[in-house]
Amino acid sequence: MAGPYTANAFTLAPASPQAAAISNLFAGTLIFLGAILTLVTFLVIYAVIRYRDRPGAPEAQQIFGSRRLEIIWTVVPILSLAVLTGFMMRAMIASDPPTADARPDLRIVAHQWWWEIIYLKSGVTTANEIHIPVGKRLLVDFRSADVIHDFWVPALGRKIDIVPGHPNRLWIEADHGGTYLGACAEFCGNEHAWMRILVMADPPDEFAAWIKQQSAVPPKPVTADERRGAEIFRENICTNCHLRSVGPDLMHVASRRTLAAGALENTPANLAAWLHDPNNFKPGSNMPDFKLSADDLRALVAFLETQK
Amino acid sequence: MKEAAIPGALGDESFEQEAREGWLSWVASVDHKQLGIMYLLGAFIFFLVAGMLALLMRVQLAVPNNHFLSPQMYNQFFTMHGTTMIFLVVVPLLVGFATYMVPLMIGARDMAFPRLNALSFWVQIFGGVMLYFSFATSGVNGGAPAVGWFSYAPLSETAYSYGPGVNYWILGLLGIGVGTLTAGINLMATIIAMRAPGMSIRRLPLFVWMTLITGFLIVVVMPILNAGLVMLLADRLLNAHFFRAETGGSAVLWQHVFWAFGHPEVYIMVLPAFGIISEVIPVFSGKPIYGYEFVAASTLAIAFLSLTVWAHHMFAVGLGHAFDMFFAICSMAISVPTGIKIFNWTATMYQGRVRFTTAMLFAVSFLLMFTIGGLSGIAFAVVPIDWQLTDSYFVVAHFHYVLFGGTAFALFAGVYYWFPKITGRMLDERWGKVHFWLTFIGFNLTFMIQHVLGMLGMPRRVFTYPPLPGWEAMNLLSTVGAFVLAFAVLILMINVAISLRSGKIAGDNPWDAWTLEWATTSPPPVENFTHGVPPINGRRPLWDLAHPDRTDAMMMKLAG
């Protein structure tokens, strides 16, 4: 499987009908604008070469303008922009279908520097990674826990601001399976850069299996290290934040691809490094450095790795 | 034995001498030429500071997962870079040229309100110093503001920015806002009331026309910013609730207030640059501007339309399709008068005799660079494209093509064009061409590639990024370009230093230009026109003087 940073985040490689509507419009507009740029560039370059000052060049003609040309270069742009507006209106509806009355499937709560993802039907709660079934349209309800954020997964379509006091809704879907990379696109403070998001479009049966796994309670700690780790998890008041949406819910943390909203790939070694010194990877984030001893660190990692 | 003179008292000759020639003559000056020069120099110093911040940011972004700058510092730097470039560099440079040139171009002795002119300048400088003082605030929450130049609430509220940085930002901008507002009033009053006999409104040089309309825009929109700033300050210091959703305020309200100012502000930064281009291209083509009335009227159209497009900065907020559509259509409409200008400037060169001075090189490449920025602007007016690309590096590329490839290139053209008038010496053309080519290459290397980064999904305002395919190489190239651009600025400084010392003596009218500022000596005397203003019977008084057999009036009559 490809690593999280090879995932598609290209605006011209759509993976959903909504993104395809924008991508087609964008490609068409780029060609239209490119033609205008070529025309202007040609006119300018031709003028400066043809009429450059050189020995024997004719004297400059004292010309004050032409009404006919003024009308042409006013009317032609107006007409072509009217056509562009028509295409725009069509793409707006295709890329952002109406959401009225439908019940949301998913709630995404944006926090200062991580995403909380709640599946409203099953109650599954996860963080920074969204699993969706291929070919099924899900209605997402966006809320902000603090400042303005913006949900942007280029391969799936439009971005949408997440404004406190102004809930937004958006359909998301994917035509074919794959991993799509996104990010918070509205500056939201210190760690805006590490507020990345991954969308995994799974085949329906895999998605169902994933929901089942995420709904189950992880196995109890077995080894001495794991049990000691569970103790540390409670003693160090980790739950004060991680069970109250101040930090991500960690019940199935070991099943995720990344840590700290994309700052690190999720491996046992990286998890240990993160717990040892969060400031090295996400300076200024709300995750404190608990100054764990090497033994405690190993135990805590062992415990968290059981949380699948 | 004579009594020792009291310093500063009447009759203290050394003091009077100093008041005429020393530093005091600058600090206490109400002369539009001295104030114009101080505007330009002050803005250039801020340009160097904000440029250094940009270089530091580009170093941080040169490689993925870089630790050169902390996120706190990076976020402060991009906030200060944007705020400085807009409020303390571009606007003061344009106001500075206008302050120096407008009275000369309309044949006036000085601005309408010389003391207000001094107040505008010093209040603006004071605001800038206040803004930068924020760096000196210490402690964990100290430092400069880190909220971006549009300072979105609620991030800019005390709950999320508890240090004093944002307060300094507000107070600094209020000072600058008052300075800009009064400068706008002064320029409008000067152009309306101080024109020499014969200088009718239809004969105004286009730079003056555009300054007049810029003055109008300033007077209309600066109060909106100032009101918004006071509301934000009330939220922060008096616990008001304008922009805090949890107590009944609205975060979207701030966006409306800010962009109702913020988008016209873009045209405040662009229209005077259009004015410079409208002076430089005709002079170095040896022809009058093509379609004078259309260039002037399209400016008016841009100014009015610019008041109706602000919410195209808010397409991603989710305010409804009908709302987005209205602002999209207005935003597209504004490209029509802008296109009219581009075509008229290009047509001005046809059948002319184009002299490739450095000023003209900058003006011609302005045409191409600004067109790129304008066209990507049309892409942003197309709502679904904006939904993808807003707040990505595509937008960073777009507005740098408008404000650097556009405004800054026009300003460089203005520097080479008017330097001889202001200093009496020519700026060296060989160094000038080195400066031009380095600027052209460095600028395009830095920003062209950022369009692609945006299309590949790179959000703006990130202090670092993961090693995604293609991102590393493109970011590194962009950083290299930024250093080429910085080197070009160094060349300009060397050129100015050398030319001030040993540049060719300019004479009154080194370019064979036609507007009134070239009728007086270089630099102009205190009273501007010692021997009176030449007769004004058309748009090009100095052409008419040199060609009495075929004046503009005669030729226009012939052309019908």
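Reading the values: rules and limits
- Residues numbered from 1 in each chain as written.
- Chains lettered and ligands numbered in written order.
- Predicted model: local features only at pLDDT ≥ 70, side-chain atom pairs only at ≥ 80, totals over all residues.
- Helix = DSSP H or I, 4+ residues; strand = E, 2+ residues; numbered from the N terminus.
- Rg over C-alpha atoms; globule rule 2.2 N^0.38 Å.
- Buried ≥ 20, exposed ≤ 12 C-beta atoms within 10 Å, placed from the backbone.
- Contact = placed C-beta atoms within 7 Å.
- Core = buried A, V, L, I, M, F, W, Y, C linked by C-beta atoms within 7 Å.
- Expected span 1.5 Å × (residues − 1).
- Bend = angle between axes of the 7 residues up to and from the residue.
- Nonpolar A, V, L, I, M, F, W, Y, C, P; charged D, E, K, R; others polar.
- Axes fitted to C-alpha atoms, helices over the stretch in contact; angles between N-to-C directions.
- Parallel < 35°, antiparallel > 145°, perpendicular 65-115°, else oblique.
- Left-handed = near helix turned anticlockwise from the far one by under 90°.
- Pairing = 2+ DSSP bridges.
- pLDDT = per-residue confidence, 0-100.

*Asks:* Describe the overall build of chain A, and please don't skip the residues or the numbers.
*Replies:* Per the secondary structure count, chain A includes eight helices and 12 strands. Computed over its C-alpha atoms, the radius of gyration of chain A comes to 27 Å, more than 25% above the 19 Å expected for a compact globule of 308 residues. In chain A, which comprises 308 residues, the share counted as buried stands at 39%. Within chain A, residue pairs in contact and separated by at least 24 positions form 71% of the contacts whose partners lie at least 6 positions apart.

*Asks:* Lay out the overall build of chain B in plain terms, naming residues and giving numbers.
*Replies:* Along chain B, the regular secondary structure elements total 18 helices and zero strands. Taking the principal axes of the C-alpha coordinates as reference, chain B spans close to 75 × 70 × 45 Å. Each of the 560 residues in chain B was classed as buried or not, and the buried ones make up 59%. Within chain B, residue pairs in contact and separated by at least 24 positions form 80% of the contacts whose partners lie at least 6 positions apart.

*Asks:* Describe in detail the nonpolar core, supporting the description with residues and values.
*Replies:* Judged by nonpolar contacts, the single largest core of 259 residues is most densely connected at Ile277, Val280, Phe362, Ala363, Phe366 and Ala413 of chain B. Once you skip the residues sitting within four places of it in the chain, Ala363 of chain B turns out to touch Ile277, Val280, Ile281 and Ala413 of chain B.

*Asks:* Kindly report on helix α8 (residues 251-285) of chain B, identifying the contributing residues and their values.
*Replies:* Residues and elements named next belong to chain B. Relative to the 51 Å expected for 35 residues at 1.5 Å per residue, α8 spans 51 Å between its end C-alpha atoms, a close match to the ideal helical length. In the structure, α8 departs most strongly from a straight axis at Trp259, where the bend amounts to approximately 30°. Burial analysis of α8 places 31 of its 35 residues in the buried class, the great majority of the element. Among the residues trailing α8, Gly286 stands out with phi positive, at a value near 70°.

*Asks:* Would you mind going over the interface of chain A and chain B in detail, with residue names and values included?
*Replies:* Each side of the interface is counted separately: chain A has 74 residues, and chain B has 77 residues. Looking at the side of chain A that touches chain B, the elements that each hand over two or more residues are α1 (17-50), α2 (67-95), β6 (149-152), β7 (160-162) and β9 (178-184) of chain A. Its residues placed into classes, the side of chain A that touches chain B shows 45 nonpolar, 18 polar and 11 charged.

*Asks:* Explain unusual backbone geometry to me, and be specific about the residues and the numbers.
*Replies:* Residues Ala153 of chain B and Pro154 of chain B are joined by a peptide bond in cis, for which omega reads 5°. Along the chain, Pro154 of chain B turns up in the loop between α5 (114-133) and α6 (165-193). Residue Ala261 of chain A is not a glycine yet carries a positive backbone phi of 55°. Topologically, Ala261 of chain A is positioned in the loop between β11 (258-259) and β12 (264-265). Its 25 C-beta neighbours within 10 Å are what place Ala261 of chain A among the buried residues. The phi dihedral of Lys291 of chain A falls on the positive side, at around 50°, and the residue is not glycine. Relative to the helices and strands, Lys291 of chain A resides in the loop between α7 (278-281) and α8 (294-305). On the basis of neighbour count, Lys291 of chain A is assigned to the exposed category, with 9 C-beta atoms found within 10 Å.

*Asks:* Let's hear about the packing of helix α11 (residues 335-349) of chain B against helix α12 (residues 358-381) of chain B: which residues, and what values?
*Replies:* All names here are of chain B. Two elements in contact, α11 and α12, have axes whose closest approach is 11 Å; the angle formed by their N-to-C orientations is 160°. When the axes of α11 and α12 are compared, the pair comes out roughly antiparallel. Of the two elements, α11 crosses α12, and the hand of that crossing is left-handed. Contacts between α11 and α12 involve Ser335, Thr338, Ile342, Trp345 and Thr346 on the former and, on the latter, Leu367, Thr371, Gly374, Gly377 and Ile378. Counted by class, the contact of α11 with α12 contains four nonpolar, six polar and no charged residues.

*Asks:* Please give an account of the sheet that holds β7 of chain A that cites residues and values.
*Replies:* Residues and elements named next belong to chain A. Ordered by their spatial adjacency, five strands build an open sheet running β4-β10-β9-β6-β7, and the pairing between neighbours is mixed. Either end of the sheet is taken by a strand with one partner, and the two such strands are β4 (129-133) and β7. Each adjacent strand pair in this sheet contributes to an overall mean axis angle of 25°, direction not counted. Bridge analysis of β6 against β7 gives three bridges, and the strand direction is antiparallel. Note on β7: the bridge partner recorded for Phe151 is Ile160.

*Asks:* Give me the confidence of the model for chain B: which residues, what numbers.
*Replies:* All names here are of chain B. Scored by pLDDT, chain B comes out at a mean of 94, with 96% of its residues at no less than 70. Throughout residues 1-9 the model reports pLDDT below 50, and contacts reaching past four residues in sequence, or to other chains, amount to six contacts. Overall fold confidence for the complex sits at a pTM of 0.95, while the interface term, ipTM, reaches 0.95.

*Asks:* Tell me what's going on with the environment of Gly247 of chain A, and back it up with residues and numbers.
*Replies:* Position of Gly247 of chain A relative to the elements: it lies in the loop between α5 (238-242) and β11. Excluding residues within four positions of it along the chain, Gly247 of chain A makes contact with Cys241, His242, Asn286 and Met287 of chain A.

*Asks:* Could you give an account of the packing of α2 of chain A against α11 of chain B, with specific residues and numbers?
*Replies:* Interhelical geometry of α2 of chain A versus α11 of chain B gives an angle of 140° and a closest axis separation of 9 Å. Relative to α11 of chain B, α2 of chain A is oriented oblique. In terms of crossing hand, the pair formed by α2 of chain A and α11 of chain B is right-handed. Counted together, Leu69, Trp73, Thr74, Pro77 and Ile78 of chain A of α2 of chain A and Val336, Gly339, Ile340, Phe343 and Ala347 of chain B of α11 of chain B form the full contact between these two elements. Partitioned by chemical class, the residues of the contact of α2 of chain A with α11 of chain B number eight nonpolar, two polar and no charged.

*Asks:* Tell me what's going on with the environment of Ile385 of chain B, and back it up with residues and numbers.
*Replies:* Following the sequence through the fold, Ile385 of chain B ends up in helix α13 (residues 383-389). With 26 C-beta atoms packed within 10 Å, Ile385 of chain B lands in the buried category. Sequence separation of Ile385 of chain B and Ala311 of chain B is 74 residues, and the distance between their C-alpha atoms is 15 Å. Apart from residues lying up to four places away in sequence, Ile385 of chain B is in contact with Ile22, Leu25, Phe26 and Thr29 of chain A together with Ala379 and Phe380 of chain B.

*Asks:* How would you explain the sheet that holds strand β1 (residues 106-111) of chain A if you had to name every residue and give the values?
*Replies:* All names here are of chain A. Pairing in this open sheet of five strands is mixed, and the strands run β3-β2-β1-β5-β8 from one edge to the other. Each of the sheet's edge strands pairs with one partner strand only, and the pair in question is β3 (125-127) and β8 (168-172). Ignoring which end each strand starts from, the neighbouring axes of this sheet average 25° apart. Two strands pair when backbone bridges link them, and strand β5 (residues 138-144) and β8 are joined in this way by five bridges, in the antiparallel orientation. Opposite Leu139, over in β8, you have Trp171 as the bridge partner.

*Asks:* An account of α5 of chain B is needed here, citing residue identities and associated values.
*Replies:* Residue and element names in this part refer to chain B. Given a rise of 1.5 Å per residue, 20 residues ought to cover 28 Å, and the 29 Å separating the end C-alpha atoms of α5 matches this to within 8%. Residues of α5 that are buried include every one of Asn117, Ala118, Ser120, Phe121, Val123, Gln124, Ile125, Gly127, Gly128 and Leu131, and no others. Lining the buried residues of α5 we find α3 (32-61), α4 (71-105) and α6.

*Asks:* Account for the pairing of β9 of chain A, with residues named and values stated.
*Replies:* Residues and elements named next belong to chain A. Among the seven residues in β9, six count as buried, and that is most of the element. Where β6 meets β9, two bridges bridge the pair, whose relative direction is antiparallel. Paired with Phe151 across the two strands is Cys184, which belongs to β9. Direction of pairing for β9 relative to strand β10 (residues 196-202): antiparallel, over a ladder of six bridges.

*Asks:* So what's going on with the environment of His398 of chain B? Which residues, and what values?
*Replies:* All names here are of chain B. Tracing the backbone shows His398 in helix α14 (residues 393-423). Taking the C-alpha atoms as reference, His398 lies 8.4 Å from Phe447; in sequence the two are 49 residues apart. If we ignore the near neighbours within four places in the chain, the residues touching His398 are Gly373, Ser376, Gly377 and Phe380.

*Asks:* Lay out the pairing of β1 of chain A in plain terms, naming residues and giving numbers.
*Replies:* Remember that side chains alternate between the two faces of the sheet whenever the strand is regular. All names here are of chain A. Across six bridges, β1 lies against strand β2 (residues 114-119) in antiparallel orientation. Paired with Ala110 across the two strands is Trp115, which belongs to β2. The turn linking β1 back onto β2 is made up of two residues, and Trp113 within it adopts a positive phi angle of 80°.

*Asks:* Can you explain the confidence of the model for chain A? Please cite residues and give values.
*Replies:* Fine structural detail should not be taken from predicted coordinates in areas where pLDDT scores are low. In this model, chain A carries a mean pLDDT of 93, and residues with pLDDT of at least 70 account for 98%. Of all secondary-structure elements in chain A, the lowest mean pLDDT belongs to α5 of chain A, at 89, while β6 of chain A reaches the highest, 98.

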